[in-house]
Amino acid sequence: MLLRDFLQKYQPTQGQRQSYSIANPIMHQSTANCSDDIEDHSAVKSLIRSYQDKGYLAANLDPLGITTKNRHEKIEKWKKDSGIYKRGLDKPERMKEQFLIPHNTFIGPNRMTLNDIVRRCEEVYTDHIGAEYRYINDSDKIKWIRQRLETPGAQVLSREKKILLWERLVRTTVFEAFLARKWSSEKRFGIEGCEVLIPAIKQVIDECTFHGAESYVIGMSHRGRLNTLVNVCRKPLHQLFAHFIGLEPAEVGAGDVKYHLGTSVKVMNRANNKVIKISMIANASHLEHVNPVCLGKCRAEQFFAGDRSGDLVIPLLIHGDSSFCGQGIVFEAIQLSDLPHFTTKGTMHFVINNQVGFTTDPRFFRSSPMCTDVARVVNAPIFHVNADDPEAVYHVCKVAADYRKTFKKCVVIDLVCYRRSGHNEIDEPSFTQPLMYKIIRSKPNVLHDYTQKLIREGVLTEDREKKYTAEYDKILEDGLTASRKETNVKLTDWLDSPWVGFFTGKDKYEVKSTGVNEKILKHIGLAFSAQPPPELKFVVHKGIERILKQRKEMVDKRITDWSLGEAMAIGSLLHEGIHVQFSGQDVERGTFSHRHHVLHHQEVDKVTFNPLKNLFPDQAQYSICNSSLSENAVLGFQLGYSTHNPKCLVIWEAQFGDFANTGQAMIDAFVTPGQTKWYRQAGLLMLLPHGFEGMGPEHSSARIERYLDLSDDDPDNIPPLEDPLFAIKQLHDLNIILANVTTPGNLFHIWRRQIYLNFRKPCIIFTPKFLLRHPEARSSFDEMVEGTFFKEIYPDNEASSEVKKLIFCSGKIYYELKEERAKRNLLKDIALVRIEQLCPFPYNLVQKELDKYPNSQVVWAQEEHKFQGPWTFMECRLNHLLKKTKEVSYVGRPVSASTAAGSKNLHLRENENLMNDAMKL
């Protein structure tokens, strides 16, 4: 009850004013009436709050009516708990009494009868829409949502909008029926049971386009993907049907099943008469793993479009109910939503809520009340809606799109539906959900019900229905006829990130120097080693001052350590207009405190300085930021970022190489096979710290063997070694680059080579820890100036050609072997050759080294355990080059199930044995 109303009702008239006492009967009556009114209004207010807070738990959301059987009991409990029954307000005469509506509630006028209050609350909160938003810790957002949902007439659609909605449902439904009719035994993962998804996506796109959006990036798994490609992306039908016919691909590559493919198109949005771009990201069967890839691509597109507010480029993610609550990648990705380096200013999330996960009931695949509860952690409003009510879905989509535009935050649309077939069209679902599918098989689809509704309303006629359905069916038939004229499937038609103009007019085998003019190197080195400008009054940590001084001394001597090598690679690319985007855990400082790209003011909180952002007046943008404690999602994000534009260097660094284990699904499904499956190139650079220094398992090995196993380097199919273009052809033809570099100069070159190639490949570098400050791990400017290149191997320029043992190795073990050789005075007996690029394997250069030492024993030495590290990869390739004249032998740690010893003593003993074996003649 508002204060003004209370005063008007209970303030005494002039004649009543007197000195009240306990004995005054008027006072007793007024006080009693006041108390009753307050309690009555309090009970009504509590009831309204119950609907607003918990209405979604009793909403009529399930099209099958299975999970909503006891919803009225929940509503009755709210009424009881609110005090309505206790106050006797449920009696018919009292239900007609008027009550004040609470502040910031919009269900009707300021005063309403209790009958009308209950009716309006049930219409808004417990009918076919269940709004979950009261946990949001921002009262403006709560008020905004209430106003959009509660205002009378908010859900009313015009005749034109109903017809448009119906037409979209027709296309969605008829398309699925066409595929079922033509290819009844083919898996297609159709959308039957949630046909409203397509109109929902299109409505969100219409609304966002009206607000100024120009581009949409879609990430989704397989269910409904083909329909989305055709009816949202408007993929030419003949291109899709060619996959059903089973034509061979025109390009080299394994390809992928049709319901994993992506696309990128420009189409006319007819609702706004505006050309928009829609990209659908190719996805593996890992369901939700596409989420961060989609977000990364969207963020990159926003960056290159200058879209700092997120108004132009919008990500749309379509999830499944069981995967949304069951896969950790969802939580990892959604946690990126408000991080400054990762935000896309709000993602539109759709959940296809089948109410079953393959064969598993919700009671067995989630503990939370709703499958969408993970979205609550970022305060995203969640709109649950009955997918058999297209108009309710339309309204929710409009509200959701407007919310994203207004607040630049994530929003979730939970389409509560069912799955008419099993997990796929040839699966039998009644084995495990017999009662559910008994209901489903007797239930007409949503198009049938909505058509009948519009006919009853006089919006639609039966003739119009038959004519429009026949017209679209003919379009599908024409598309099928056209597909039969195709001779092959073109993978280029399915690129989700086409790089227009990048490959045109370029020699793919061109080899360019990655060296840089010495003046630029020196300029970068001096800027990187300088204190922040005096006018900033920036107080630097004393330890950083010493590091900057040491850097300056190295620059003056024309040498670089690891941190300078990195900085010069980044700085020189920035000077050339190449945007560099760098993330991972603790990358600003570096896990091992060597990098220090972001300096922190020691007296003012949150004030930082990045010298590489201030190198040149017209340089490209350098973005470096520590990531959340996630490997899988952040790696996926960086991969997505790298696919959008080839003219940027995107780097992801693991805190330790072992930690990439939790991103293995992303590596296996997206990073290493991406070009083979989807014809999509990506120049992602991954840094995995690797080295055995007694730190135990999970802090030693980056699992080099895993990445070598993921390469398609074939030791039985080697191109001619005498080909002058041998090395560049290898890089072009293989799927991935793997390196274990040992000098900052070589690191400088391989980073820059990622941009200088006329194609793109993911590159994984097993970076050192031990070498970051090693006095011998230095490079002269002479190794980095114009005319210099990356070195796939480092020959031994000190050893004699008459050595007795030729040791090939890779990584920091080289320095340990070199030191041990010097201690034992074995320079004349042992040659040490470093293989810097593991894959593609430099057959031609290794052959030269073998020819140089024809009488030597050939050994592969590694610090990893046998059957880990590069040994098995190297063994077959070295033996192939040796042509059975001799066999390579192994020196390293013995076999082990663990990557490294946890005991420091055992580690040292293993290292001693390794050195003894290596030096044995």
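This write-up is about the structure you can find in this document. In this text, all values refer to a predicted model and were calculated from it rather than measured experimentally.

Rules and cut-offs
Residues numbered from 1 in each chain as written. Predicted model: local features only at pLDDT ≥ 70, side-chain atom pairs only at ≥ 80, totals over all residues. Heavy atoms only, no water. Core = buried A, V, L, I, M, F, W, Y, C linked by side-chain atoms within 4.5 Å. Buried < 20%, exposed > 50% of the residue type's maximum accessible area, 1.4 Å probe, protein only. Helix = DSSP H or I, 4+ residues; strand = E, 2+ residues; numbered from the N terminus. Contact = heavy atoms within 4.5 Å. 1 Å grid on protein atoms, 1.4 Å probe; cavity = no way out; pocket = protein on both sides within 12 Å on 5 of 7 lines; lining within 4 Å. Points joined across faces, edges and corners; volume = space filled by probe spheres on them. Nonpolar A, V, L, I, M, F, W, Y, C, P; charged D, E, K, R; others polar. Expected span 1.5 Å × (residues − 1). Arc of directions from axis to C-beta. Pairing = 2+ DSSP bridges. Axes fitted to C-alpha atoms, helices over the stretch in contact; angles between N-to-C directions. Parallel < 35°, antiparallel > 145°, perpendicular 65-115°, else oblique. Left-handed = near helix turned anticlockwise from the far one by under 90°.

### Here's the deal with the nonpolar core
- Grouped together as the largest cluster of nonpolar side chains are 193 residues, with contacts concentrated most on Phe241 and Phe350.
- Looking at this core element by element, the count peaks at 10 residues for helix 15 (residues 390–407).
- Ignoring anything within four residues of it in the chain, the contact list for Phe350 reads Leu197, Ala200, Ile201, Val204, Leu316, Leu317, Ile318, His319, Cys397 and Ile413.

### Notes on empty space enclosed by the protein
- The tally for this structure, following the rule as stated, stands at nine cavities of 30 Å³ or more.
- Within this model, the largest cavity holds a volume of roughly 90 Å³.
- Those elements that place two or more of their residues in the lining of the largest cavity are helix 11 (290–304), strand 7 (313–320) and helix 13 (328–334).
- The greatest single-element share of the lining of the largest cavity, amounting to three residues, is contributed by helix 13.
- Looking at the lining of the largest cavity, its residues break down into nine nonpolar, seven polar and no charged.

### Some thoughts on helix 18 (residues 462–483)
- Helix length check: helix 18, at 22 residues, gives a terminal C-alpha distance of 32 Å against a target of 32 Å (1.5 Å per residue), a fit within 8%.
- Every buried residue belonging to helix 18 is among Tyr468, Tyr472, Leu476, Gly479, Leu480 and Ser483, and all of these are buried. With its buried residues spanning 125 degrees around the axis, helix 18 presents them on a single face. Residues Asp463, Lys466, Lys467 and Lys474 are exposed on helix 18 and point more than 90 degrees away from its buried face.
- On the buried face of helix 18, the contacting elements are helix 7 (159–182), helix 9 (225–231) and helix 10 (237–245).

### Observations concerning the pairing of strand 4 (residues 215–220)
- Taking burial as the measure, the six residues of strand 4 include six buried ones, the bulk of the element.
- Going residue by residue along strand 4, you find Ser215, Val217 and Gly219 tucked away on one face and Tyr216, Ile218 and Met220 tucked away on the opposite face as well.
- Looking at chain direction, strand 4 and strand 6 (residues 274–280) are connected through four bridges and run parallel. If you follow Ser215 over to strand 6, its bridge partner there is Lys277.
- As judged from the six bridges shared by strand 4 and strand 7, these two strands associate in the parallel manner.

### Looking at the packing of helix 7 against helix 10
- Their axes nearest at 12 Å, the elements helix 7 and helix 10 cross at an angle of 30 degrees. The pairing of helix 7 with helix 10 is recorded here as roughly parallel in orientation. Both helix 7 and helix 10 take part in a crossing whose hand is right-handed. For the pair helix 7 and helix 10, the contacting residues are Phe175, Phe178 and Leu179 in the first and Leu237, Leu240, Phe241 and Phe244 in the second.
- Looking at the contact of helix 7 with helix 10 residue by residue, the classes come out as seven nonpolar, no polar and no charged.

### So, the environment of Val330
- Mapped onto the elements of the fold, Val330 is located in helix 13.
- The spatial distance from the C-alpha of Val330 to the C-alpha of Val374 is 8.0 Å, given a sequence separation of 44 residues.
- The residues contacting Val330, other than those within four sequence positions of it, are Glu288, Asn291, Ser323, Phe324 and Val374.

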